[in-house]
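# Structural features, examined
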Amino acid sequence: MDDTTVYRTTAWSAGPGCHGGCGQKLHVKNGKLVRIEGDENHPWNQGRSCPRVLAMTQYMYHPDRITRPLKRVGARGEGKFEPISWDEAYDTCEKRLNEIKRKYGAESAIFVQGTGRDIGGPITMLAYSYGSPNWVQLGLSGHSCYTPRLGAMKTVMGDFAVADCSQYLERRYEDPQWKVPEIIITWGQNSTMGCPDGFFGSWVVDCMKLGTRIIAVEPRNTWLSSRALHHLQLRPGTDGALALAMINVIIGEGLYDKEFVAKWVQGFDALRERAAQYPLDEVAKITEIPAQEIAAAARAFARAKQAAVQWGVPVDMCPDGTAVAHAITCLSVITGNIDKPGGQVIARPSHGVTSYPFSTEELVKLYGADLIARLNEKRIGADVYPMVKNFRGWAQPDMVIDQVESGVPYPVKAAWIQTANVVGGQSARAKFHLEALKKLEFIAVVDLFHNPTTMALADIILPAATFPEKDSIRSWWAPLISIKKRVQVGECKSDWEINFELAKRFNPEGMKRWKTLEDMFNERLAPSKMTVADLQQQGGFKMPEDGPFKPYFRHERGLLRPDGKPGFNTKSGKIEVYCDTFEGWGMDPLPFYTEPPQSERSTPELFKKYPLVMITGARSQLFFHAEHRQIPWLREKLPDPTVEIHPETAKKYAIYDGEWVYLENDMGRVKRKAKFSLQVKRHHVHTMHGWWMPEMEGKAPSLYGVGDFQINNIIPGPQCAKSGFGGGQYKTTLCTLAKISA
Ligand SMILES: Nc1nc2c(c(=O)[nH]1)N[C@H]1C(S)=C(S)[C@@H](COP(=O)(O)OP(=O)(O)OC[C@H]3O[C@@H](n4cnc5c(=O)[nH]c(N)nc54)[C@H](O)[C@@H]3O)O[C@H]1N2
Ligand SMILES: Nc1nc2c(c(=O)[nH]1)N[C@H]1C(S)=C(S)[C@@H](COP(=O)(O)OP(=O)(O)OC[C@H]3O[C@@H](n4cnc5c(=O)[nH]c(N)nc54)[C@H](O)[C@@H]3O)O[C@H]1N2
Ligand code: SF4
Ligand SMILES: [Mo]
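Worth saying up front: this structure is predicted, and the values here are computed from it rather than measured.

## Quick look at the overall build of the protein chain
Helix and strand counts for the protein chain come out as 30 helices and 27 strands. By the compact-globule yardstick of 27 Å for 742 residues, the protein chain fits well, its C-alpha radius of gyration being 25 Å. For the protein chain, the C-alpha atoms occupy an extent of roughly 70 × 65 × 65 Å along the three principal directions. Taking all 742 residues of the protein chain together, 65% fall into the buried category. When contacts within the protein chain are restricted to residue pairs at least 6 apart in sequence, those whose partners lie at least 24 apart make up 74%. Split by element, the accessible area of the protein chain, about 25800 Å² in all, is 51% carbon and sulfur. Across the protein chain, the centroid of the 91 positively charged side chains sits 1 Å from that of the 83 negatively charged ones.

This is the structure in C-alpha cells:
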C-alpha cells in the first residue's frame, strides 16, 4: 500500500529561494518529502515549476545542510563550529545583543536581510523589538533592487503597478474582464528565468501565445528579444535616456492619451518640456539604438489599445534608479495604461493584509513613540537622504558599511544576518564588506548552509527551515496565502519561529498580545476576515473579491484613496508626473538621465584601459543568486562560472572557448571560463554573480574560493544618487579580459 500523502502548498523563500508564489504539491512519505510537482489548481502557476523547486528533495536532505544551531569555537574564519541546543543559541544571542545595547545603544546592531522573500516581517519584528532602526539589505549598493521602482511609483502615482497578465482574476486568461496586452515592454527583465518580484515568469509567455507582442529593452540577445517586435539593444545603464526619448516621440507626435492626461495627470506640460531635452538623434548616440527603432517602438507602444511594461532590476541599477523608474512610469501614464485591463495593474497586497505592522500608528502601539523617534533620527542615511527617511524603513546600505568602518557618528558593533550572503553574493565591493564586518563584536547568521559569510563571520549560526517545513502567510499581491508546515528536518526552525522567540525576550511587553505565532498571523489576516484555519480549509489561498484589492478602474470608482473619492492615492488625486513630493525632498521633480559613472563617455581614460562593459547577474533558472551550487541536479547543468564573450572579441584577446580567464579592472581580478556567445555585443561581456564553490576549502582565506570567483570583488561601491536609492554598478562596470597563463 502506498502511504504517500499529497499536500498542496505555496513555495516561498528557502528551497527555490525565490520571491515565490507558486502552488506546489508535496508528496510526503513517513515524514519525508519524496516528490514535488506543480499544483494545476493554483491560479498563479497553473501546474508549472522551475528546476529549483523540482530539486527540493536534494536541497532539503542535502548532507551539508545545517540542521542544528552552531556556535563558533575557533577564531573567525577557522571554520570550527560546534552544535549547541536552541536554548543555548537563544541565550547567547539575547545576552550578547543586550550587552551591545547597554554599551553602545540599540542602533549599534544592524539587521541584515537579502532579497525580499519571507523575511521582511520576521526581521523587522526582531529589529524593532530589540530597538534598532537599522534594518538593511547590506551590500546592495544604492539599495538597487525593487525599492527605486517601488519608491518612484508610489510617490508619483500613490501605488505600485505591474504588467496585467490577469493575475488578479481567479479565472485568469479566461476571465472576460481581462484583455490581452497588445504590447508588453520587457524592460530590463528576463522574467522567464525566475519569478522576479512576485511575478510568475511564464505569464509573459502565456500572453505572447494569446497575441501579445514584445518590445525588449535588453542589451543581450535573449529568448524574449529574439521573438520581439522591437529589440532595443541599449548600452547598459542608459535606460533613462531611452524612456525620455520615447516620451518625447509620443508627446511630440500627439500619440498620448489626451483624455486620461487631461483628467488624471498633473504636470504634463513640464514633462513635455523635460522630454524635449532628449531628442532622438542625441539619445540614439547615448543608447546605441538607431533613432528610427526608438521611434517605431514608442509609436507601437502608444498606438496599442492596451499595453504594459514589465520592468526589472537593471532599472534600479541605473544611476539614480528612482529617476529612471519615474521616466518609465510616465510612459505608462501618458498612454493611459494605468488601472485598465491589459495595461499596468495596480498591485496591492491581497485583501489589504500586510505580513507585519509597518504603519507608524501600529509601530507606536507596539513599541512606543521612542522607537519611531529613533527610526527617524538614528537610522543610517535618514538624515542625508530625505527619500530614505520618508520611504519604507530601510537604512542606506552604502552608508551602513562605511559607518561600520568609521564608527562615525556612532559605532556599529553587531549584525544579525538572515537570508543574506553578504560576502558571497549581495555586496558590491565585497572584499571591503568582508574586512569591515570582521571588526564587529557579535554576528549571528540564520541560514540553511554554510557559505562564505557564515564561514568568515558567524559567531552563532541558526538553521532555517525550507517552505515545506514552515508556517507562514503571504499577501504579496494575489492570492492571499497560508503556508502550512508538513515536514521537519533536523532541528530547523522557520525565520518566523526563530525571531518570534527572540523578539519576546527583547520586548516581552509588546509581544504579550500574541501567545503563538498563529495568533499573530490571525491578527494580520483580520482585514480579510479570515484566519489561518479558514484559509487552510479553502485550500490554502483566496483570490481577492471586488473592491480596493481587485482590478480595474479603481481610480474612477473611488477605491484607491482613503477618503473614498475618485482619483489616485496622491495629494492631488492625480498622477503627479511633475512630482511635488520629490521636489520637497530636494530632488528633481521630473525624470532625468544620468550617464553611468564608468563609461566611454564619462571616463574615457578608464575606458581605454578597460574597454569592455561588464553586465553581471542576468538570472538563470538553475540558481538563485549565490545559492544552489551544491545541489547536484542543478550544478550538473552549469558546473563552472562562465563569462559570455563575443567570438570576435575573444579572438582579439587570443582567448579560446572553454579557457579559464581573468575579468580584470583596478579593483582586482576574478576567474571565469570563457564561453563564446552571440548573446552579447562585441564590447560587452556578461557573467553570472554569486559564485563560490561549496566543494572547495571553507576555511579562511579560501572561504570556498570566494576571492577567486566572486565577481563583486571587482564591482565598485556607491554612485551618488540624490534619492539615496539606485545605482549599484552591477550592470555597468568596466573591465578587461586577461589570459590566466600570461
Ligand atoms: N554582481 C551582481 N551582484 C548582485 C546582483 C546582480 O545582478 N549582480 N543582484 C543583486 C540583487 S538584485 C539582490 S536582491 C541580492 C540578493 O542577495 P541575497 O539575498 O544575499 O542572495 P541569496 O544568495 O539568494 O541568499 C542569501 C542567503 O540566504 C539564504 N536563504 C535563502 N532562503 C532563506 C530563508 O528563507 N531563510 C533564511 N534564513 N535564509 C535563506 C541562502 O541559503 C543564502 O545563503 O544580490 C545582489 N547581487
Ligand atoms: N532563477 C532566479 N530567479 C531570480 C533570481 C535569481 O537569482 N535566480 N533573483 C531574483 C531577484 S532578487 C531579482 S532582483 C530578479 C531580477 O531579475 P530581472 O529583473 O529579470 O533582472 P536581471 O536578470 O538582472 O536582468 C534582466 C535582463 O536585463 C538585461 N540587462 C542588463 N543590463 C541592463 C541595462 O542596463 N538595461 C536594461 N534595460 N537591461 C539590462 C540582462 O541582460 C537581463 O537579460 O530576479 C529574481 N528571480
Ligand atoms: S521561481 Fe517560480 S516556479 Fe520556481 S519556486 Fe519560485 S515561484 Fe515557483
Ligand atoms: Mo533583487
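## Notes on the pairing of strand S22 (residues 612-616)
Among the five residues of S22, five are classified as buried, and the element is accordingly described as predominantly covered. Alternating residues of S22 divide into Leu612, Met614 and Thr616 and Val613 and Ile615, and every residue in both groups is buried.

## Quick look at helix H8 (residues 239-252)
An ideal rise of 1.5 Å per residue puts 20 Å on 14 residues; H8 measures up with 20 Å between its terminal C-alpha atoms. Extensive coverage of H8 is indicated by the burial of 13 of its 14 residues. Just beyond H8, the residue with positive phi is Gly254, at close to 65 degrees.

## A word on the sheet that holds strand S2 (residues 22-29)
Ordered by their spatial adjacency, three strands build an open sheet running S1-S2-S3, and the pairing between neighbours is antiparallel. Looking along the sheet, the strands with just one partner apiece sit at the ends: strand S1 (5-11) and strand S3 (32-38). On average, each strand axis in the sheet is tilted by 30 degrees relative to the strand beside it, whichever way the strands run. In terms of strand pairing, S2 meets S3 through six bridges, oriented antiparallel. In the sheet register, Leu26 faces S3, and the bridge partner there is Ile36.

## As for the side chain of Thr147
Turning to its location among the elements, Thr147 is positioned in helix H5 (residues 147-157). Not counting residues within four places of it along the chain, the set of residues in contact with Thr147 comprises Phe391, Arg392, Trp394 and Phe725.

## Comments concerning the pattern of salt bridges
Counted under the stated rule, the structure contains 54 salt bridges. A salt bridge links Glu501 to Arg505, with the shortest nitrogen-to-oxygen separation between them at 3.1 Å. A residue pair is termed a helical-turn pair when its members lie 3 or 4 positions apart in one helix, as Glu501 and Arg505 do in helix H22 (residues 495-506) at four residues. In this structure Glu501 comes out as partly exposed when scored by relative accessible area, which is 25%. For Arg505, a relative accessible area of 22% translates into the label partly exposed.

## Observations regarding the site of ligand 3
Lining the immediate environment of ligand 3, one finds Pro16, Cys18, Gly20, Cys22, Trp44, Cys50, Arg52, Val53, Cys195 and Phe200. Looking at side-chain class alone, the shell around ligand 3 contains eight nonpolar, one polar and one charged residues.

## A word on the environment of Asn712
Looking at the element boundaries, Asn712 is found in the loop between helix H30 (706-709) and strand S27 (733-739). By relative accessible area, which is 1% here, Asn712 ends up buried. Distance from Asn712 to Gly139, taken between C-alpha atoms, is 10.0 Å for residues 573 residues apart in sequence. Discounting residues that sit within four places of it in the chain, Asn712 has contacts with Gly425, Gln426, Ser427, Ala428, Arg429, Ala430 and Tyr730. Here the side chain of Asn712 touches Gly425 through a polar contact of 2.8 Å, landing on its backbone oxygen.

## Overview of the site of ligand 2
What surrounds ligand 2 is a group of 32 residues, the closest being Glu218, Arg220, Asp239, His625 and Lys731. The separation between an oxygen atom of ligand 2 and a polar side-chain atom of Gln189 is 3.4 Å. Contact between ligand 2 and Arg619: an oxygen atom at 3.0 Å from a main-chain N or O atom of the residue. Taking 900 Å² as the accessible area of ligand 2 by itself, protein coverage stands at 99%. A breakdown of the residues in the shell around ligand 2 according to their chemical character gives 14 nonpolar, twelve polar and six charged. Counting only domains with at least three residues in the shell around ligand 2, you end up with domain 3 (147-348 + 562-584) and domain 4 (604-715).

## Focus on the domain arrangement of the protein chain
Assigned domains within the protein chain: domain 1 (5-60), domain 2 (70-136 + 358-464 + 492-514), domain 3 (147-348 + 562-584) and domain 4 (604-715). Taking the mean C-alpha position of each, domain 2 and domain 3 sit 36 Å from one another. Taken together, the contact pairs four residues of domain 2 with eight residues of domain 3. When domain 2 packs against domain 3, the two sides together hide about 400 Å² of surface, and 79% of this comes from carbon and sulfur. A per-residue breakdown of the area domain 2 buries against domain 3 is headed by Met387, Phe391 and Arg392, which together make up 90% of the total. For the interface between domain 2 and domain 3, the tally reads zero salt bridges. Counting across the domain 2 and domain 3 interface gives zero residue pairs in polar contact (both at pLDDT 80 or more).

## A few points about the packing of H5 against helix H14 (residues 321-334)
For the pair H5 and H14, the least separation of the axes is 8 Å and the interaxial angle reads 55 degrees. One way to sum up the angle between H5 and H14 is to call them oblique. H14 is crossed by H5, and the crossing has right-handed handedness. Counting all contacts with H5, which are made through Pro148, Arg149, Ala152, Met153, Val156 and Met157, the residues of H14 involved are Gly321, Thr322, Ala325, His326 and Thr329. Residues that form the contact of H5 with H14 fall into these classes: six nonpolar, four polar and one charged.

## What about the nonpolar core?
With 141 residues, the main nonpolar core has Trp187 and Met246 as its most contacted residues. Tyr90, Leu480, Phe521 and Trp691 belong to the second-largest nonpolar core, a separate cluster that totals 66 residues.

## Structural notes on the environment of Gln536
Mapped onto the secondary structure, Gln536 falls in helix H25 (residues 532-537). Residues Gln536 and Trp203 lie 333 residues apart in sequence; the distance between their C-alpha atoms is 26 Å. Apart from residues lying up to four places away in sequence, Gln536 is in contact with Ser482, Ile483, Lys484 and Arg486.

## Regarding unusual backbone geometry
For the bond from Pro551 to Tyr552, the omega torsion is 15 degrees, close enough to zero to count as cis. Here the residue pair Ala700 and Pro701 is connected by a cis peptide bond, since its omega of 5 degrees sits within 30 degrees of zero. When you line up the elements, Pro701 lands in the loop between strand S26 (684-687) and H30. Located in the positive-phi region is Ser13, a residue other than glycine, with phi close to 70 degrees. Tracing the backbone through its elements, the reader meets Ser13 in the loop between S1 and S2. Look at Ser13 and you get buried, because its relative accessible area is 4%.

## Some details on the sheet that holds strand S19 (residues 480-483)
One open sheet accounts for three strands, arranged S18-S19-S20; its pairing is antiparallel. The sheet terminates laterally at strand S18 (472-474) and strand S20 (541-542), the two strands that pair on one side only. In terms of strand pairing, S19 meets S20 through two bridges, oriented antiparallel. By the bridge assignment for S20, Leu480 is matched with Lys542.

## Some points on the packing of aromatic side chains
One pass over the full model with this rule turns up 25 aromatic pairs. Geometrically, the ring pair formed by Phe111 and Tyr130 is tilted, given 5.7 Å between the ring centres and 55 degrees between the ring planes. Remark: Tyr130 occurs in helix H4 (residues 120-130) and Phe111 occurs in strand S6 (residues 109-113); sequence separation between them is 19 residues. In terms of burial, Phe111 and Tyr130 fall into one category: buried. Following the ring pairs from residue to residue traces out a cluster consisting of Tyr146, Phe160, Trp311, Trp476 and Trp477. Directly above the aromatic system of Tyr130 lies the positively charged group of Lys101, at a separation of 4.5 Å from the ring centroid. The aromatic ring of Tyr256 is capped on one face by Lys258, whose charged end is 5.1 Å from the ring centroid.

Criteria and thresholds
- Residues numbered from 1 in each chain as written.
- Chains lettered and ligands numbered in written order.
- Predicted model: local features only at pLDDT ≥ 70, side-chain atom pairs only at ≥ 80, totals over all residues.
- Heavy atoms only, no water.
- Helix = DSSP H or I, 4+ residues; strand = E, 2+ residues; numbered from the N terminus.
- Rg over C-alpha atoms; globule rule 2.2 N^0.38 Å.
- Buried < 20%, exposed > 50% of the residue type's maximum accessible area, 1.4 Å probe, protein only.
- Contact = heavy atoms within 4.5 Å.
- Areas by Shrake-Rupley, 256 points an atom, 1.4 Å probe, with all protein chains shown as cover.
- Lys, Arg positive; Asp, Glu negative; His and termini not counted.
- Charge placed at Lys NZ, Arg CZ, Asp CG, Glu CD.
- Expected span 1.5 Å × (residues − 1).
- Pairing = 2+ DSSP bridges.
- Axes fitted to C-alpha atoms, helices over the stretch in contact; angles between N-to-C directions.
- Salt bridge = Lys/Arg side-chain N within 4 Å of Asp/Glu carboxyl O.
- Near = heavy atom within 4 Å.
- Nonpolar A, V, L, I, M, F, W, Y, C, P; charged D, E, K, R; others polar.
- Polar contact = N/O pair within 3.5 Å; in protein donor to acceptor, adjacent residues only side chain to side chain.
- Domains from an automatic or database assignment.
- Buried area = accessible area lost by both parts, 1.4 Å probe.
- Parallel < 35°, antiparallel > 145°, perpendicular 65-115°, else oblique.
- Left-handed = near helix turned anticlockwise from the far one by under 90°.
- Core = buried A, V, L, I, M, F, W, Y, C linked by side-chain atoms within 4.5 Å.
- Phe/Tyr/Trp six-rings, centres within 6.5 Å; stacked < 30°, edge-to-face > 60°.
- Lys NZ or Arg CZ within 6 Å of the ring centre and 35° of its normal.

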